Amino acid sequence: MASTRDKLGRPIVVVTGVGVVTSLGAGKADNWARLTGGQSGIHAITRFPTEGLKTRIAGSVDFLGEPENTAAHSERMADLAAEEAIAQSGIGRLGDFPGPLFLAVPPIEMEWRQRLEVGARSGSNDTVTYSDLLRVSDQFPAYHGRFLFGSVADHLAEKFGTRGSPISLSTACASGASAIQLGVEAIRRGDTDAALCMGTDGSVNAESVIRFSLLSALSTSNDNPQKAARPFSKNRDGFVMAEGAGALVLESYDAAKARGARILGVVEGCGEKTDAFHRTRSSPDGKPIITCIRNALEDAGLTPDDIDYVNAHGTSTPENDKMEYLGCSTVFGERIAKLPISSNKSMIGHTLSAAGAIEAVFTVLTLQEQRMPPTINYDLPDPAIPLDVVPNTARDATLKHAISNSFGFGGQNVSLVMGVEPA
Amino acid sequence: MADGAREVLITGIGIVSCLGEGPDAHWQKLSEAKPSADATTFAPYVVHPLAPINFDLQIPKKGDQRQMEAWQRIGTYAAGLALDSAGVKGKTEVLSHMDMIVAAGGGERDLSVDSTILSGMPRAANPPAFLNERLMSDLRPTLFLAQLSNLLAGNISIVHGVTSSSRTFMGEESAGLDAVRIAMSRIGAGQSDIALVGGAHNGERPDLIMLYEFAGLMLKDKYAPVWERGDGKGGFALGSLGAFLVIEAREHAEARGATPLARLTSVVADRRKRVPGNVTASLEGLWDEVKDKVHQKSAAFLSGATGANPGTAEERAFLEKHGELAVRATGSYLGHGLEPQFPMNLALATVALQRGSLFPPCDSTGLEKPMTGALDQVLVTGVGHWRGEGLALVEKAG
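Residues numbered from 1 in each chain as written. Chains lettered and ligands numbered in written order. Predicted model: local features only at pLDDT ≥ 70, side-chain atom pairs only at ≥ 80, totals over all residues.

**Focus on the overall build of chain A**
Right, so step 1: From N to C terminus, chain A includes 13 helices and 15 strands.
Right, so step 2: Viewed in the frame of its principal axes, chain A has a C-alpha envelope of about 70 × 55 × 40 Å.
Right, so step 3: The buried share of chain A, reckoned over its 423 residues, is 66%.
Right, so step 4: Here the analysis covers contacts within chain A between residues at least 6 apart in sequence; of these, 79% occur between residues at least 24 apart. (Helix = DSSP H or I, 4+ residues; strand = E, 2+ residues; numbered from the N terminus. Buried ≥ 20, exposed ≤ 12 C-beta atoms within 10 Å, placed from the backbone. Contact = placed C-beta atoms within 7 Å.)

**Some words on the overall build of chain B**
Right, so step 1: Helix and strand counts for chain B stand at 15 helices and 14 strands.
Right, so step 2: Here chain B has a C-alpha radius of gyration of 21 Å; the compact-globule value for 398 residues is 21 Å, and the two agree.
Right, so step 3: When the backbone C-alpha atoms are referred to their principal axes, chain B occupies close to 70 × 55 × 35 Å.
Right, so step 4: Looking at chain B residue by residue over its 398 residues, the buried ones come to 61%.
Right, so step 5: Considering only contacts in chain B between residues 6 or more positions apart, those separated by 24 or more positions represent 81%. (Rg over C-alpha atoms; globule rule 2.2 N^0.38 Å.)

**Some remarks on the confidence of the model for chain B**
Right, so step 1: Residues of chain B with pLDDT of at least 70 account for 99%, and the chain-wide mean is 96.
Right, so step 2: ipTM for the predicted complex: 0.98, alongside a pTM of 0.98. (pLDDT = per-residue confidence, 0-100.)

**Topic: the interface of chain B and chain A**
Right, so step 1: Listed by partner, the interface residues are 66 residues for chain B and 62 residues for chain A.
Right, so step 2: Listing elements by their share of the side of chain B that touches chain A, those giving two or more residues are α5 (111-120), α6 (127-138), α7 (143-147), α8 (151-160), β6 (166-170), α9 (172-188), α10 (206-213) and β10 (262-270) of chain B.
Right, so step 3: Of the strand pairs in this sheet, strand β6 (residues 167-170) of chain A and β6(B) are connected by three bridges, and their pairing is antiparallel. Counted as the bridge partner of A:Ser168 is B:Met170 from β6(B). (Pairing = 2+ DSSP bridges.)

**Notes on the packing of α5(B) against α6(B)**
All names here are of chain B.
Right, so step 1: Two elements in contact, α5 and α6, have axes separated by 10 Å at closest approach and are oriented at 160°. Classified by the angle between their axes, α5 and α6 sit roughly antiparallel to one another. Judged by the twist between their axes, the crossing of α5 over α6 is right-handed. Where α5 approaches α6, its residues Val113, Thr116, Ile117 and Gly120 are matched on the opposing element by Phe130, Leu131, Arg134 and Asp138.
Right, so step 2: Split by residue class, the contact of α5 with α6 holds four nonpolar, two polar and two charged. (Axes fitted to C-alpha atoms, helices over the stretch in contact; angles between N-to-C directions. Parallel < 35°, antiparallel > 145°, perpendicular 65-115°, else oblique. Left-handed = near helix turned anticlockwise from the far one by under 90°. Nonpolar A, V, L, I, M, F, W, Y, C, P; charged D, E, K, R; others polar.)

**A short note on the nonpolar core**
Right, so step 1: With 275 residues, the main nonpolar core has A:Leu103, A:Met198, A:Leu248, A:Ala357 and B:Ile247 as its most contacted residues.
Right, so step 2: A domain-level breakdown of this core finds at least three residues from each of domain 1 (13-109 + 147-419) and domain 2 (112-146) of chain A.
Right, so step 3: Setting aside anything within four residues of it in sequence, one finds B:Ile247 in contact with B:Val8, B:Leu9, B:Ile10, B:Ala183, B:Met184, B:Ile187, B:Ala195, B:Val197 and B:Leu264. (Core = buried A, V, L, I, M, F, W, Y, C linked by C-beta atoms within 7 Å. Domains from an automatic or database assignment.)

**What about unusual backbone geometry?**
Right, so step 1: Of note, the amide linkage connecting B:Ala43 to B:Pro44 takes the cis form, showing an omega dihedral of 10°.
Right, so step 2: Residue B:Pro310 is bonded to the preceding B:Asn309 through a cis peptide linkage, with omega at 10°.
Right, so step 3: Mapped onto the elements, B:Pro310 comes out in the loop between β11 (299-303) and α13 (311-321).
Right, so step 4: One non-glycine residue, A:Ser216, lies in positive phi territory at about 55°.
Right, so step 5: Looking at A:Ser216, the number of C-beta atoms within 10 Å reads 14, which means it is partly exposed.
Right, so step 6: Here B:Ala33, not a glycine, exhibits a phi torsion of approximately 55°, which is positive.
Right, so step 7: Here B:Ala33 lies in the loop between α1 (22-32) and β3 (38-42).
Right, so step 8: Residue class for B:Ala33 comes out partly exposed when judged on the 15 C-beta atoms lying within 10 Å of it.

**Considering the domain arrangement of chain A**
Residues and elements named next belong to chain A.
Right, so step 1: Looking at chain A, the domain boundaries give domain 1 (13-109 + 147-419) and domain 2 (112-146).
Right, so step 2: Here the C-alpha centre of domain 2 lies 36 Å away from the C-alpha centre of domain 1.
Right, so step 3: Residue-level contacts link six residues of domain 1 with six residues of domain 2.
Right, so step 4: Its residues assigned to classes, the side of domain 1 that touches domain 2 comprises three nonpolar, two polar and one charged.

**Digging into the sheet that holds strand β4 (residues 45-48) of chain B**
Backbone-to-backbone hydrogen bonds pair the strands of a sheet. The strands run either parallel or antiparallel.
Right, so step 1: The three strands lie next to each other as β3-β4-β8 (chain B), forming an open sheet whose pairing is mixed. The open sheet terminates on both sides in strands that have one partner only, identified here as β3 and β8 (238-239) of chain B.

**So, the pairing of strand β15 (residues 412-419) of chain A**
All names here are of chain A.
Right, so step 1: Counting buried residues along β15, eight of its eight residues qualify, which places the element largely inside the surrounding structure.
Right, so step 2: Where burial is concerned, the two faces of β15 agree: the one with Gln412, Val414, Leu416 and Met418 and the one with Asn413, Ser415, Val417 and Gly419 are both buried.
Right, so step 3: Pairing analysis gives six bridges linking strand β9 (residues 265-272) to β15, with the strands arranged antiparallel. Following the sheet pairing, Cys270 is matched in β15 by Leu416.
Right, so step 4: Hairpin connection from strand β14 (residues 401-408) to β15: three residues lie between these consecutive antiparallel strands, with Gly410 at a positive phi of about 85°.

**Considerations on the pairing of strand β5 (residues 99-103) of chain B**
All names here are of chain B.
Right, so step 1: The buried fraction of β5 is high, at five of five residues.
Right, so step 2: Of the two faces of β5, both are covered, the one formed by Asp99, Ile101 and Ala103 as well as the one formed by Met100 and Val102.
Right, so step 3: Sheet topology note: the β5/strand β7 (residues 194-201) ladder contains five bridges and is parallel. Looking across to β7, one finds that Met100 is bridged to Leu196.

**Thoughts on the packing of helix α12 (residues 278-290) of chain B against α13(B)**
Residues and elements named next belong to chain B.
Right, so step 1: The interhelical angle for the contact between α12 and α13, taken along N-to-C directions, is 45°, at an axis separation of 8 Å. As summarised for this structure, α12 and α13 are arranged oblique, according to the angle between their axes. Of the two possible hands of crossing, α12 and α13 adopt the one that is right-handed. Contact residues: Val279, Thr280, Leu283 and Glu284 in α12; Gly311, Glu314, Glu315, Ala317 and Phe318 in α13.
Right, so step 2: A breakdown of the residues in the contact of α12 with α13 according to their chemical character gives four nonpolar, two polar and three charged.

**Concerning the environment of A:Pro318**
Right, so step 1: Considering the arrangement of structural elements, one finds A:Pro318 in helix α11 (residues 318-332).
Right, so step 2: When the C-alpha atoms of A:Pro318 and A:Val128 are compared, they prove to be 41 Å apart, with 190 residues separating the residues in sequence.

**So, α12(B)**
All names here are of chain B.
Right, so step 1: Its 13 residues give α12 an end-to-end C-alpha distance of 19 Å, which sits within 8% of 18 Å, the value for a rise of 1.5 Å per residue.
Right, so step 2: Those residues of α12 lying buried are Val279, Thr280, Ser282, Leu283 and Leu286. Summarising the axial view, the buried residues of α12 lie within an arc of 160°, below the 170-degree limit, and thus occupy one face.
Right, so step 3: At its buried positions, α12 is contacted by β10, α13, β13 (377-383) and β14 (389-396). (Expected span 1.5 Å × (residues − 1). Arc of directions from axis to C-beta.)

**Some points on the environment of B:Ala39**
Right, so step 1: Locating B:Ala39 in the fold gives a position in strand β3.
Right, so step 2: In sequence terms B:Ala39 and B:Leu219 are 180 residues apart; their C-alpha atoms lie 9.4 Å from each other.

**Here we look at the environment of B:Leu177**
Right, so step 1: As for its position among the elements, B:Leu177 is in helix α9.
Right, so step 2: Between the C-alpha atom of B:Leu177 and that of B:Gly311, which follows or precedes it by 134 residues, the distance is 16 Å.
Right, so step 3: With near-sequence residues (within four places) excluded, B:Leu177 lies in contact with A:Ser165, B:Ala269, B:Phe342, B:Gly382, B:Gly388 and B:Gly390.

What follows is the structure, given as C-alpha cells:
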C-alpha cells in the first residue's frame, strides 16, 4: 500500500485519542461543556494556608483528594488523562501501548512536608542543617524513587506499557507542546507508528506559588477568583497558576486507517524558535514569536490565510498578551482584526507544563465540534491589542486549520498547527 | 539509525570535571591512572569536586553568572567550550539554526534558607504562616530561574546565542542518553543539521546527596575505583561535571569546513523494569542492535558504571560476556554525574579515538585489562542507577 504523505512528503500524523483533566473536571465531556459554557475553574486555595501570600487563588485540581506532593499529583492526573486518551483511540491492549511516551512534567523535587519530616526524625533541637537531615536520610527509602525527575514518566511507562525509554521533558510553559512535537517528529521519521504525548502539572504548593509570586507573574485578584484570569483585557494583572493534564494518542495516518481508528484531527505542523533576549521576557521586537508561528505554518505547508482560529497562549500577564498580539498581528497582518483568537486560560488558568498539551486537546475538540471556546472576563478590552478574542461566549464557526501557541520562560516558543481530517 | 539515514559526526566537545577542562587535561589525568576524590568536605560521603574554573572565560558577563546556580554555570561553560571546539562560537548564521537538547536536573536549594525554616518552623506559633513568611522574604526572586530545569538551556541561548530549538530532558541518566539519541535521530532523518547536546551536574550539593542517600546509594568513607565497590561497599561518588557535544550531518560539517573529531554511529536506549538480571539482558539487547558494526580487534568499552549495585554488578556481567573487548570505567575518575554522564563519556570516547589508544586500567579486580593495539571504535555504556540502559558506538573519524 502506498503510504499517505503530507505536502512535504512525510507521514501524516493524526490524533486518535485525547484525554484531559483540569480544574473544570476530569474527562473531555465535562471539560468541553464547561469550557464552552464559559465557566471558570479558578478558586481560593484551600490546599495549604495562604496567610501572608500576595496570591491566594489557583486553578488547582482538588477533586482527586488531598495530594501527597506535586510528583504524585502530577502522576495521578496524567494517569487519568492517558487512560481516557488510550481508551478513546482503542490502540494496543491494556498495558501495551505500541509506541514511546513523551511526557511534559514539572521538575520533580522534594517538598517541605518531607524535608520537615526528615528534620524531625533527626532529633535536632536547635539549628537543623542538611548534615542533620543526612544523618537519617537512609530511613526514608521511598523518597528516592518518588523524587527522581524521571519518576512520573517511569511509572506511566510501566503502567501503560509504552515502548523504549520514556522522555520526561521541560520547555517551561511550552512543555506540553514540545511533547507533541517530539511525538510528531518520531512518527515522521518512521521510528514509530504511534506515540503517547502528554503534559501534566500539579504544582500548586506554597513554595511554587511564592516563586512565581516573587517574579511578579501572578494575578493578585484574590477577591474575585473567577474573574482573575483576564487575557487580553486592559486590566489583566498576571496569570493564575493551575493544574491539570492533557494526553494525546498520535499515530501515522496509515496506521490509524489500517486499524480502522476514528481520526479526531491532524497535527499538521510544529514550529519553534528560541528567544535569547532574556530569561523571562520576550525580545521586544517579537521576532522569535513571529518566527515560531511562521515556522509552524511552513512546517504545515500552509499560509497565514489558511488559519481559521488561534488557541492563544494568552496567559493574562501584561507582557505575554502584548507580545502575542505583536507576533500574531505581524504574521496574520490585517486579518488579525477578524481572526478569532481565544484563551482557554481565562477559564482553566495557566496549567504550566501541561498547558500546551491541554490546549492542544481543546484545539482538537474545537476543530471536531466546530465551536470556539470563549475568552471569559473580557469586560475591558485593551485598545492597544485589538483582537477578536471570542469574548465571553462560545461561538460556532467553520474551522479547517487552527494554531495553538505556547511560550515559556527561558526563551521557549512552540506553535502547533492542527487541522481536521483530510478529505 | 534507520536505513538511509544521514551520517552524524561529532565536531565539537566541551568538557569540565574534577580532572580539569578540555580534552588535553582529561587525557593527561586519565593516562596517569591516579584517580582522586574528596572524602572530607561532605564526610562520610565521597565526591569529585569540580576543578578550579575561570567562568569569565565562557560567561563574560558577571550579571549572567549571578543569575545562575553552579550547575547552570558549569553547563553554560562546557557548552561554550563545545562551540569553540566546533569552530562555531559567535557564528550567528550557524547558531541560529543550531538545535539544542539539554539533559538537566535542577532544583538547587538555598541551603541557608532551608536551614532557617527547618530550625524555626517546629517552634513557630503558626507553622504554615511561618513557612509562607520566610519563603516570601528569604527566597531570592531569581533563585527560581536558577532552579528551573530548562534554564540551563535558556542560559546557553542567552550567553552563546544558540537559538533554533531548545529542549530540556529530565530523568537522571536516561535524560543524557535520550538527549543524544534523539538529537542524532533528528539529524539522521534530516529534521536537523547541527545540534548542541549535553548537560551539567553539580555534585557538591547536600540536597542531592540526600536524595540518593534516601536509598543508601552514596559511596561512604573511602574512595575506591567503581569495580572495587562490591560486597556492601557499593555506591556512587557524585561528580561535578559538564559535557556538551556538537553533532552534525556530514554534509553540513563539510560545507562549513569543520573537522570531524569522531563519527557517532549508533545510540540505542531502553528501559527495563529492574528485576534481577534485567540490566544484563537489556544491555545484551542493545548490543544485538550494534554488534554487526563492531570490529573485535580495535574496539573497547567505555563504561558509565556508577559503582552502585545491582546496576554495576549486572553491567559487569554483560561486559565479562564480551571479555575480548577492553573495558574502562570513567566513573572511577569523574564520579557519577547523572544527566551529563553519557554525553561526557561520548566526549571521552572521542578524545581516545583521536589519540588512537585507550588509557590504562584502573581496577584491581581484573575486569579492566591493558589494551595494546590501535583503537578505532568505542562502545559507550550508560546504565542508570535506578532506570534506563543505553549503548552508543563512536568511531574514528574517517
